[in-house]
Amino acid sequence: MFLSCIPATYFRDLIDGRMSMETWINLAASLGLDGLDFGQAWFRDTSPVAVTAIRKRVEDRGLRACMLTCAPDFPHPEPAGRQATVDEMLRMVELARGLNAPLIRVTAGQAHPSVSREQGIAWVCEGLRKVLPAASSAGITLVYENHTKASVWQYRDFSEPSAIFLDIVRAMEGTALGVNFDTANPLVHGEDPLPLLHQVAHRVVSVHANDLRVCGQFDFCVVGQGVVPFADIFRYLKRTAGFDGWISVEEFSRTGEQGFRDAIRFVREAWAAA
């Protein structure tokens, strides 16, 4: 298992420029991680010179980029919006290539009120199929997440309900699309994460270790201090599914650096115990 981290606590700071990419890289290095995640919205400059400088900074600190976390909106009701999403994701493939990140986290997109379930599933699959060839050519795996809501979105995720997520996963069977399994997001929707994991474990390429304070609420906490059944999840991943890929600790407790350290220590210990 390789350990990374996605600093959800600092997302707005990184997007708005109150926290620099260098500060995040330095923090990640101090946490003893194997790698670190980056967010799509953090990059103001995606020129080759700027991206190469970030990659060098990461490698100089003894790390590697694990994942570029993106939030495409494939079921946008307007054709121009869907095309813009695909075009942006093709640019993100190039960004991930420049960072030497092996994974790109993708979402279905927003649950636009005017888009039906059937039409939304068709558009999500269409968008994914348009991006997959470029990703595969670059040696990058798209990992589709059971997601709830991106900070820049108006609506919740179209495939937040597990039934829709599974429909899309099944429709993409036989493609290079993997799954990024989020441990907490099913609980936000009031669902048990284990039955979902059992159905997609063969497609899981990476894991977001995330925790929730109370089932049914969009209220995250330090990983290991909430309601997520990590012992059962990790045991299944390790013993039954044979998972040995990237686990990215999603730190969204807003408790500062100590929250990161506590979460990462918990994940290491829980994985070893599994």
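A brief report on the enclosed structure follows. Fair warning: this is a prediction, and the values are worked out from it, not measured in the lab. (Residues numbered from 1 in each chain as written. Predicted model: local features only at pLDDT ≥ 70, side-chain atom pairs only at ≥ 80, totals over all residues. Heavy atoms only, no water.)

**Regarding the pairing of strand 1 (residues 2–6)**
Next up, step 1: The buried count for strand 1 comes to four of five residues, which makes it a mostly enclosed element.
Next up, step 2: When strand 1 meets strand 8 (residues 246–250), the two strands line up parallel, connected through five bridges. Of the residues in strand 8, the one forming a bridge with Phe2 is Trp246. (Buried < 20%, exposed > 50% of the residue type's maximum accessible area, 1.4 Å probe, protein only. Helix = DSSP H or I, 4+ residues; strand = E, 2+ residues; numbered from the N terminus. Pairing = 2+ DSSP bridges.)

**Notes on the sheet that holds strand 2 (residues 35–39)**
Next up, step 1: Spatial strand order, 1-8-7-6-5-4-3-2: eight strands in an open sheet with parallel pairing. Each of the sheet's edge strands pairs with one partner strand only, and the pair in question is strand 1 and strand 2. Strand-to-strand twist of the sheet, defined as the mean angle between neighbouring strand axes without regard to direction, takes the value 30°.
Next up, step 2: Bridging between strand 6 (residues 178–182) and strand 7 (residues 204–209) involves four bridges; their strand directions are parallel. Counterpart to Asp182 in the pairing with strand 7 is His208.
Next up, step 3: Sheet strands touched by helix 6 (residues 162–171): strand 5 (141–145) and strand 6. Its angle to strand 5, the strand with the most contacts, is close to 155°.
Next up, step 4: Relative to strand 6, helix 8 (residues 193–200) is tilted by about 165°, and along the sheet it contacts strand 6 and strand 7. (Axes fitted to C-alpha atoms, helices over the stretch in contact; angles between N-to-C directions. Contact = heavy atoms within 4.5 Å.)

**Examining the packing of aromatic side chains**
Next up, step 1: Per the counting criterion, the structure on display carries 13 aromatic pairs.
Next up, step 2: Ring centres of Phe230 and Phe266 lie 5.4 Å apart, and the angle between their planes is 70°; this geometry places the pair in the edge-to-face category. Separated by 36 residues along the polypeptide, Phe230 in helix 9 (residues 230–240) and Phe266 in helix 10 (residues 257–273) bring together distant segments of the chain.
Next up, step 3: Feature note: the residues Phe230, Phe234, Phe243, Phe266 and Trp271 constitute an aromatic cluster, connected by ring pairs.
Next up, step 4: Positioned over the ring face of Trp123 is Arg82, at 3.7 Å from the centre of the ring. (Phe/Tyr/Trp six-rings, centres within 6.5 Å; stacked < 30°, edge-to-face > 60°. Lys NZ or Arg CZ within 6 Å of the ring centre and 35° of its normal.)

**Considerations on the side chain of Gln40**
Next up, step 1: One can find Gln40 in the loop between strand 2 and helix 3 (48–60).
Next up, step 2: A relative accessible area of 19% places Gln40 in the buried class.
Next up, step 3: One polar contact links Gln40 to Glu88, side chain to side chain, over a distance of 3.3 Å.
Next up, step 4: In contact with Gln40, not counting residues within four places along its chain, are Leu68, Thr69, Cys70, Ala71, Glu88 and Met92. (Polar contact = N/O pair within 3.5 Å; in protein donor to acceptor, adjacent residues only side chain to side chain.)

**A word on the pairing of strand 7**
Both faces of the sheet carry side chains from a regular strand, because those side chains alternate between them.
Next up, step 1: Most of strand 7 is tucked away, with five of its six residues classed as buried.
Next up, step 2: As judged from the four bridges shared by strand 7 and strand 8, these two strands associate in the parallel manner. In the strand pairing of strand 8, Ser206 is matched with Trp246.
Next up, step 3: Tracing the backbone out of strand 7, into helix 9 and back to the parallel element strand 8 gives a crossover that is right-handed. (Right-handed = clockwise from strand over helix to strand, strands pointing away.)

**A short note on the packing of helix 2 (residues 21–30) against helix 3**
The relative placement of two packed helices comes down to the angle between their axes together with the axis-to-axis distance.
Next up, step 1: The N-to-C vectors of helix 2 and helix 3 enclose an angle of 20°; their axes lie 10 Å apart at closest approach. Classified by the angle their axes make, helix 2 and helix 3 are roughly parallel. Note that helix 2 runs across helix 3; the crossing there is right-handed. When helix 2 is examined against helix 3, the residues Met21, Glu22, Ile25 and Asn26 are found in contact with a partner set consisting of Ile54, Arg57 and Val58. (Parallel < 35°, antiparallel > 145°, perpendicular 65-115°, else oblique. Left-handed = near helix turned anticlockwise from the far one by under 90°.)

**Section: the layout of surface pockets**
Next up, step 1: In this structure, the largest pocket spans a volume of roughly 610 Å³.
Next up, step 2: If you go around the largest pocket, you meet 34 residues; those closest to its centre are Phe11, Arg105, Lys149, Ala150 and Ser151.
Next up, step 3: Elements represented by at least two residues in the lining of the largest pocket include exactly helix 1 (11–16) and helix 4 (79–99).
Next up, step 4: With three residues, helix 1 is the largest single contributor of residues to the lining of the largest pocket.
Next up, step 5: Residue classes in the lining of the largest pocket are distributed as 14 nonpolar, twelve polar and eight charged. (1 Å grid on protein atoms, 1.4 Å probe; cavity = no way out; pocket = protein on both sides within 12 Å on 5 of 7 lines; lining within 4 Å. Points joined across faces, edges and corners; volume = space filled by probe spheres on them. Nonpolar A, V, L, I, M, F, W, Y, C, P; charged D, E, K, R; others polar.)

These figures come from the coordinates and say nothing about function on their own.
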